[in-house]
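Structure at a glance
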Amino acid sequence: RASRDSHDSSTTRKDHTPVHGLSEMIVGVLGGGQLGRMLCQAASQMAIKVMVLDPLENCPASALSYHHMVGSFDDSATVEEFAKRCGVLTVEIEHVDVATLHKLEQQGVDCQPKASTIRIIQDKFLQKVHFSQHGIPLPEFMQIDDLEGAKRAACQFGYPLMIKSKRLAYDGRGNAVAKSEEELSSAINVTLTCHVMEDSVWFDQKYNGHLVGTLGGFDRGLYVEKWAPFVKELAVIVARGRDNSILCYPVVETIHKENICHIVKSPAVVPLEIKKVANDVAYRAVSSLEGAGVFAVELFLTNDGQILLNEVAPRVHNSGHHTIEACYTSQFEQHLRAVVGLPLGDPSMKCPAAIMYNLLGEDEGEPGFRLAHQLIERALGTPGASVHWYDKPEMRKQRKMGHITLVGPSIGTLEARLNSMLKENSCGCP
Ligand code: ATP
Ligand code: MG
Ligand code: MG
């Protein structure tokens, strides 16, 4: 599928293809996972051409893209070659070769969002420094260079203490919690030795067997955060157009299980005042970054009613998957509109409530597929449910394989429908 080279007409296509879509710009996406796939789905409705760059031949976006270039989005020459074929360059993952993006921008390549944004976001510590300089409320944080530094931070912040890898983290890989001084060194070791990005072939190729660092000399790769005593996690998808107009989607609640997004409820069931503060923080956070596109702002609601920023993703995000069925403009359509310079669409909900449930791998291989399909079968018989399957070539435990979105009259009704769908599941989901 990857080498459907009837489309691979290199630089000439841009000039010779008659334009019939809503934009003549070919959108190049670094990364071809499920986010890239859903961007392609939205693009097809508008007849916008999306090219993806991903090292995996049968990556989820491959079959649906206008063209899939097989290659690494962390390799300078490959990214440059890819960029030549696109009208605008965007990302579905922030762990890309940002130095090349900067270089390409200087040569006039249109990157949305800007390389400066990707640079800030891809280093979580730099991200925290940036947002604190812009007056965004966050958990206190501090760089640590060794175990002694971690002990000093713990004196200031107390326990539990959150230790995080600055780079290449996702789905909680790269985070560890120390509940006491005795646990500090093992928690540091976990963050240093965990194979972050293990879901990605790119990571496997580049970092296989290579550890982020070793205890004792961890190369300024870690920092710590004060524990955020949150009662709920919230998220806001924010879109910025090329004209700098900004629109926020309704605030959602995200529920994580073992650090992985598990369930998203829209709208979040929190007081209006909290929603206003969440929106304001998200709006200000995105305003401080450069470039067009969709951004996801992850937030903590603390037990004393504060909103703190956790992190921002400079791209479409798991907390916005429900927007496909639940909003007038999905986050994927919105991102494409934003990067090609079309007017932004209405982000509001067209139904009272939505719940998104992630289909995470329960088991490796065939047994995992069987369990997922049992659940999908029940979802297909559930009112208001839509099933998304990402067509990943391999089933692995905890891997995001698909998702189910339920839409309906209220969050309460949808919770009941989700519970009855899951209860019958022989895999013993909650
Ligand atoms: P993602 O897949 O969202 O990119 P990630 O690997 O970047 O995840 P974080 O978002 O930093 O990880 O953290 C994952 C989860 O860990 C959060 O959603 C939250 O549940 C918890 N968490 C992170 N930081 C803190 C903190 N300072 N205090 C309490 N809990 C935290
Ligand atoms: Mg993250
Ligand atoms: Mg996160």
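My aim in this report is to walk through the structure given alongside it, one point at a time. Values in this document were obtained by computation on a predicted structure and should not be read as measured data. (Residues numbered from 1 in each chain as written. Chains lettered and ligands numbered in written order. Predicted model: local features only at pLDDT ≥ 70, side-chain atom pairs only at ≥ 80, totals over all residues. Heavy atoms only, no water.)

Examining the coordination of the magnesium ion (ligand 2)
- For the magnesium ion (ligand 2), the full set of protein donor atoms is Glu311 (OE) and Glu311 (OE), at a range of 2.2 to 2.4 Å.
- In this structure, the magnesium ion (ligand 2) lies 3.7 Å from the magnesium ion (ligand 3), and both are coordinated by Glu311.
- Along the chain, the position of Glu311 falls in strand E14 (residues 307-313). (Donors = N, O, S within 2.8 Å, 3.2 Å for Na, K, Ca; no water. Helix = DSSP H or I, 4+ residues; strand = E, 2+ residues; numbered from the N terminus.)

Regarding the coordination of the magnesium ion (ligand 3)
- Coordination of the magnesium ion (ligand 3) by the protein comes from Glu298 (OE) and Glu311 (OE), over a distance range of 2.0 to 2.1 Å.
- We classify Glu298 as buried; its relative accessible area is 14%. (Buried < 20%, exposed > 50% of the residue type's maximum accessible area, 1.4 Å probe, protein only.)

With respect to the site of ligand 1
- Taken together, 20 residues are adjacent to ligand 1, and Lys124, Lys164, Asp171, Gly172 and Glu233 come closest.
- Glu298 places a polar side-chain atom, nitrogen or oxygen, 2.9 Å from an oxygen atom of ligand 1.
- Relative to its unbound accessible surface of 620 Å², ligand 1 loses 94% to contact with the protein.
- Of all the secondary structure elements, the ones that give two or more residues to the shell around ligand 1 are strand E6 (161-165), strand E8 (222-226), strand E9 (230-240), strand E13 (293-302) and E14.
- Residues belonging to the shell around ligand 1 are distributed by class as follows: 7 nonpolar, 5 polar and 8 charged. (Near = heavy atom within 4 Å. Polar contact = N/O pair within 3.5 Å; in protein donor to acceptor, adjacent residues only side chain to side chain. Areas by Shrake-Rupley, 256 points an atom, 1.4 Å probe, with all protein chains shown as cover. Nonpolar A, V, L, I, M, F, W, Y, C, P; charged D, E, K, R; others polar.)

So, the environment of Tyr66
- Positionally, Tyr66 belongs in the loop between strand E2 (50-54) and strand E3 (67-70).
- The spacing of Tyr66 and Val224 is 158 residues in sequence and 42 Å in space, taken between C-alpha atoms.

Overview of the pairing of E6
- Buried residues dominate E6, accounting for 5 of its 5 residues.
- Here E6 shows two buried faces, one formed by Leu161, Ile163 and Ser165 and the other by Met162 and Lys164.
- Here E6 runs beside strand E7 (residues 175-178); their pairing, made up of 4 bridges, is antiparallel. Within E7, the position partnered with Ile163 by the bridge is Ala176.
- Pairing between E6 and E8: 5 bridges, direction antiparallel. (Pairing = 2+ DSSP bridges.)

These figures come from the coordinates and say nothing about function on their own.
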